[in-house]
Amino acid sequence: MIVSTRGRYALRVLIDLAEHNNEERIPLKDISSRQDISQKYMEAIMTVLSKNGLVDAVHGKGGGYKLNRKPEDYKVGEILSITEGTLAPVACLEAGAEACPKHDKCRTIPMWTKLDELVSTYLNSVSIADLMRKE
């Protein structure tokens, strides 16, 4: 599993929104400047986050973005699943994948299944609030 810039930047953006949460919407240009991410790329990320209900978006004068939930209610697994599509370590474990004809005889599938469960369990145990903590 390799997490793309889209997934990594989505996490950074959500942390930024959480750290600058004062009940007002934050303009895209402010987030873009703080995170050193191009506004054009951020627009694509914010569209995905908004369409999936992770952020509230208002366009135009006085617009911007804010979180829809508390930082502790955003799990990294959910965010990465939305931005990446899948976190499965192998294609046969992706949601909706065609059944592999060798599944019953595959000696590696238990290992991949366990890895998938470990990654999923871990990522779903980490929240944006956890990532905000400086250790």
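Quantities reported herein were computed from a predicted structural model and do not represent experimental measurements. (Residues numbered from 1 in each chain as written. Predicted model: local features only at pLDDT ≥ 70, side-chain atom pairs only at ≥ 80, totals over all residues. Heavy atoms only, no water.)

## Some thoughts on the overall build of the protein
So the rule is basically this: Only DSSP runs of H or I covering at least 4 residues are called helices, and only runs of E covering at least 2 are called strands; the numbering of each starts at the N terminus. For every residue, the accessible area (1.4 Å probe, protein chains only) is compared with the maximum for its type, and the residue is labelled buried under 20%, exposed over 50%, or partly exposed between those bounds. Here, two residues are considered to be in contact whenever any of their heavy atoms come within 4.5 Å of each other. We get accessible surface area from the Shrake-Rupley algorithm with a probe of 1.4 Å; when it comes to residues, only the shown protein chains can shield them. This count recognises Lys and Arg as positive and Asp and Glu as negative, with His and chain-terminal groups excluded. To locate a charge, take atom NZ for lysine, CZ for arginine, CG for aspartate or CD for glutamate.
For the protein, the count of helices and strands is six helices and two strands. In the protein, the order of α-helices and β-strands from amino to carboxyl end is α-α-α-β-β-α-α-α. With respect to the three principal axes, the spread of C-alpha positions in the protein is 60 × 30 × 25 Å. Classification of the 135 residues of the protein by burial places 32% in the buried group. For the protein, contacts bridging at least 24 residues in sequence account for 62% of all contacts bridging at least 6. Accessible surface computed for the protein: about 8,600 Å², of which carbon and sulfur atoms make up 50%. For the protein, the distance from the average site of its 19 positive side-chain charges to the average site of its 19 negative ones is 2 Å.

## Quick word on the pattern of salt bridges
This is how the line gets drawn: What makes a salt bridge here is a side-chain nitrogen of Lys or Arg within 4 Å of a carboxyl oxygen of Asp or Glu, nothing more.
Scanning the entire structure with this criterion turns up five salt bridges. Linking Arg 34 and Asp 16 is a salt bridge whose minimum nitrogen-to-oxygen distance equals 2.7 Å. Pair noted here: Arg 34 is in helix H2 (residues 28-35) and Asp 16 is in helix H1 (residues 5-19), with a separation of 18 residues, a long-range link. Overall, Asp 16 belongs to the buried group, its relative accessible area being 1%. We note a salt bridge from Arg 133 to Asp 130, for which the minimum N-O separation is 2.4 Å. Using a relative accessible area of 29% as the deciding quantity, one classes Asp 130 as partly exposed.

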